[in-house]
Amino acid sequence: MPKLLAAIKNQIPFTRYAYRGEAVACNLCGSHHRLSISQTDRRLKILKTVACEQCGLIRTDPMPTESELGTYYAGEYRLDYQFAFSSKPPRFHLRRSRRDAAARLALLAPALSGPKRLLDFGSGSGEFLALAARAGHDVRGIEPGESFAAFARNAYGVTVDSRVWQQVEFAPGSFDVITSNHVLEHLREPVSALKRMAEWLAEDGVLFVSVPNALGKRRHSFQHFHFAHVYNFTPQTLIWAGQIAGLEPDPRFAMAGTTIVFRKRKGGASIPVWGEEQGRWMAAHFEPSSPLRFLLSGRWFVDALHRFRKVAGESLARG
Ligand SMILES: [Zn+2]
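Everything quoted here is computed from the prediction, not taken from an experiment.

Visitor: I keep staring at the overall build of the chain and nothing clicks. Help me out?
Guide: Secondary structure summary: the chain contains eleven helices and eleven strands in total. A fraction of 70% describes how many contacts in the chain between residues 6 or more apart in sequence connect residues 24 or more apart. By element, 55% of the accessible surface of the chain is carried by carbon and sulfur atoms, the whole surface being about 15100 Å².

Below you can see the structure in the form of structure tokens.
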């Protein structure tokens, strides 16, 4: 079973992922200047991560090509990432997804009075779409993972487009609410995707974006990076990405780290002032240490065990 073999290979520390990649400019500011942050990911596999020297946005370098990412997502991704052994979403995933969907819908309540046109960009297995449809909204999803898109259609009867976002067309202003939950960090062109979402958004619409926070409580570079996350955001770089897309945080909603509800900027898009030393500050933020020392410290094992127990525990719990 090639998928399983690939997923097992992806667990072996100090080996490379099966990709060549290519050098790319920073998707936020266009700079090619970069500073090294880490040589390994959170499994201690070899994966080089850099921060853009100008704006501080973190990315994988070299960047996997579109076709390499496509191969990864079509192949071992769900197994690698969520221990999904069949095409059906695992029970622990569905439990978490339902919980997240309820929280997202509650957060967006101020923007959801009356039936709204709603798009979930990266709708996964469809729990948020299902919940929003039940609340009376007109919902659509985009989800390039065909098995999860098919699950959403079959289980919940919702409309999901399984093409990649670059191929999807909607008229400008088609949606009152757009959400994108843990999606941008997977994309090679996250800022371009935000721009597209901003075009699809109605003038008084809101756009919910949530991504992992690179400045979260895990400060050690060996505890962060993952092959599937080709960009890593901080609250600042996410706000800047929104600004370039013609968006600003909507003051009706409290910002919580890298979970932000945006609205359209009245003045349209603009170029942020990057400040100084963004990249250097970012590079200094992550504790430098040798991967071997980290391995021997036992923290790697504790983290791996924690991840495994979380998945196994949630799988065994009553669904
Ligand atoms: Zn940059």
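Structure shown, so let's carry the discussion forward.
Visitor: Can you help me understand the sheet that holds strand β1 (residues 34-40) in this one?
Guide: Picture the strands of a sheet paired through backbone hydrogen bonds; they go either parallel or antiparallel. Read from one edge to the other, the open sheet built from four strands follows the order β1-β2-β3-β9, with strand pairing classed as antiparallel. Two strands close off the open sheet at either side, each with one partner strand: β1 and β9 (231-232). Running at roughly 20° to β1, helix α9 (residues 278-285) makes contact with β1, β2 (46-52) and β3 (58-60) of the sheet.

Visitor: It is not clear to me how the coordination of the zinc ion should be interpreted in this structure. Could you clarify?
Guide: In ideal tetrahedral geometry, four donors around a metal make angles of 109.5 degrees, whereas ideal octahedral geometry with six donors gives angles of 90 or 180 degrees. Around the zinc ion, the donor atoms from the protein are Cys 26 (SG), Cys 29 (SG), Cys 52 (SG) and Cys 55 (SG), and they sit 2.3 Å away. Considering all four donor atoms around the zinc ion, the spread of angles at the metal, 96 to 118°, places the coordination shape in the tetrahedral class.

Visitor: Would you take a moment to explain the packing of helix α7 (residues 190-200) against helix α8 (residues 235-244) for this structure?
Guide: Packed helices, taken two at a time, are described by their axes: the angle between them and the distance between them. The interhelical angle for the contact between α7 and α8, taken along N-to-C directions, is 50°, at an axis separation of 8 Å. Put simply, α7 runs oblique to α8. Where α7 crosses over α8, the handedness of that crossing is right-handed. Touching Val 191, Leu 194 and Lys 195 of α7 are Ala 241, Gly 242 and Ile 244, all from α8. Looking at the contact of α7 with α8 residue by residue, the classes come out as four nonpolar, one polar and one charged.

Visitor: I'm lost on the packing of aromatic side chains in this one. Help?
Guide: Two aromatic rings, taken as a pair, are described by how far apart their centres are and by the angle between their planes. Going through the model one piece at a time under the given rule, you end up with eight aromatic pairs. Aromatic side chains Phe 151 and Tyr 156 sit 5.9 Å apart centroid to centroid with 85° between the ring planes, which places their arrangement in the edge-to-face category. Using a relative accessible area of 26% as the deciding quantity, one classes Tyr 156 as partly exposed. Residues Phe 170 and Trp 200 carry aromatic rings whose centres are separated by 5.0 Å and whose planes lie at 85° to one another, so their mutual orientation is edge-to-face. Here Trp 200 lies in helix α7 and Phe 170 lies in the loop between β6 (159-161) and β7 (175-181), a separation of 30 residues in the sequence. According to the relative accessible area criterion, Phe 170 is buried, its value standing at 18%. In this structure Trp 200 comes out as buried when scored by relative accessible area, which is 2%. Here the aromatic cluster, defined as three or more aromatic residues joined through ring pairs, consists of Tyr 17, Tyr 19, Tyr 72 and Phe 227.

Reading the values: rules and limits
- Residues numbered from 1 in each chain as written.
- Predicted model: local features only at pLDDT ≥ 70, side-chain atom pairs only at ≥ 80, totals over all residues.
- Heavy atoms only, no water.
- Helix = DSSP H or I, 4+ residues; strand = E, 2+ residues; numbered from the N terminus.
- Contact = heavy atoms within 4.5 Å.
- Areas by Shrake-Rupley, 256 points an atom, 1.4 Å probe, with all protein chains shown as cover.
- Pairing = 2+ DSSP bridges.
- Axes fitted to C-alpha atoms, helices over the stretch in contact; angles between N-to-C directions.
- Donors = N, O, S within 2.8 Å, 3.2 Å for Na, K, Ca; no water.
- Tetrahedral: all angles 85-135°; square planar, octahedral: opposite > 155°, others 65-115°.
- Parallel < 35°, antiparallel > 145°, perpendicular 65-115°, else oblique.
- Left-handed = near helix turned anticlockwise from the far one by under 90°.
- Nonpolar A, V, L, I, M, F, W, Y, C, P; charged D, E, K, R; others polar.
- Phe/Tyr/Trp six-rings, centres within 6.5 Å; stacked < 30°, edge-to-face > 60°.
- Buried < 20%, exposed > 50% of the residue type's maximum accessible area, 1.4 Å probe, protein only.

Remember, this is a structural readout, not a statement about activity or role.
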